[in-house]
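Now for the letters of each chain:
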Amino acid sequence: MKWFDNTALTIVIVGAVNWLLVGIFRFDLVAYLFGNLSWLSRIIYAAVGLSGLYLISLYGRIGNMSES
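Residues numbered from 1 in each chain as written. Predicted model: local features only at pLDDT ≥ 70, side-chain atom pairs only at ≥ 80, totals over all residues. Heavy atoms only, no water.

S.K.: Outline helix α1 (residues 2-25), listing residues and values.
M.R.: Because an α-helix completes one turn every 3.6 residues, residues spaced three or four positions apart along the sequence face the same direction. The terminal C-alpha atoms of α1 lie 34 Å apart, and with 24 residues this matches the ideal 34 Å at 1.5 Å per residue to within 8%. Taken residue by residue, α1 has Asp5, Ala8, Gly15, Asn18 and Leu21 as its buried positions. The elements touched by buried residues of α1 are α2 (29-34), α3 (39-55) and α4 (57-67). Arg26 sits one or two positions beyond α1 and adopts a positive phi of about 55°. (Helix = DSSP H or I, 4+ residues; strand = E, 2+ residues; numbered from the N terminus. Expected span 1.5 Å × (residues − 1). Buried < 20%, exposed > 50% of the residue type's maximum accessible area, 1.4 Å probe, protein only. Contact = heavy atoms within 4.5 Å.)

S.K.: Lay out the pattern of salt bridges with the relevant residues and their values.
M.R.: Throughout the structure, instances matching the rule amount to 1 salt bridge. Between Arg61 and Asp5 there is a salt bridge whose closest N-O contact spans 2.7 Å. Of this pair, Arg61 sits in helix α4 while Asp5 sits in helix α1, placing them 56 residues apart in sequence. With a relative accessible area of 28%, Arg61 lands in the partly exposed category. (Salt bridge = Lys/Arg side-chain N within 4 Å of Asp/Glu carboxyl O.)

S.K.: For the environment of Leu9, give the residues involved together with the corresponding values.
M.R.: Secondary-structure assignment places Leu9 in helix α1. Among the residues examined, Leu9 registers a relative accessible area of 40% and is labelled partly exposed. Along the backbone, Leu9 and Ser51 are 42 residues apart, and their C-alpha atoms lie at a distance of 7.2 Å.

S.K.: Can you tell me about unusual backbone geometry, naming the residues and giving the values?
M.R.: With a phi angle near 55°, Arg26 is a residue other than glycine that sits in the positive phi range. Among the secondary structure elements, Arg26 is positioned in the loop between α1 and α2. Assessed through its relative accessible area of 79%, Arg26 is described here as exposed. One non-glycine residue, Leu37, lies in positive phi territory at about 55°. Following the sequence through the fold, Leu37 ends up in the loop between α2 and α3.

Below, the structure written as structure tokens:
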């Protein structure tokens, strides 16, 4: 399961960098590379969102690890 956590974290970091670019430079890297709301860019946005939702579970797992 650790590989899935690492993959999800990497996807979320890529999404965070994209939002940083949007916030500072008004430049959407995903839209630039894959088209504005093309099917591929929508898949990437969905993967970032789903990875973020999955990583919410880290709070519970970190809490369980500190109690051990």
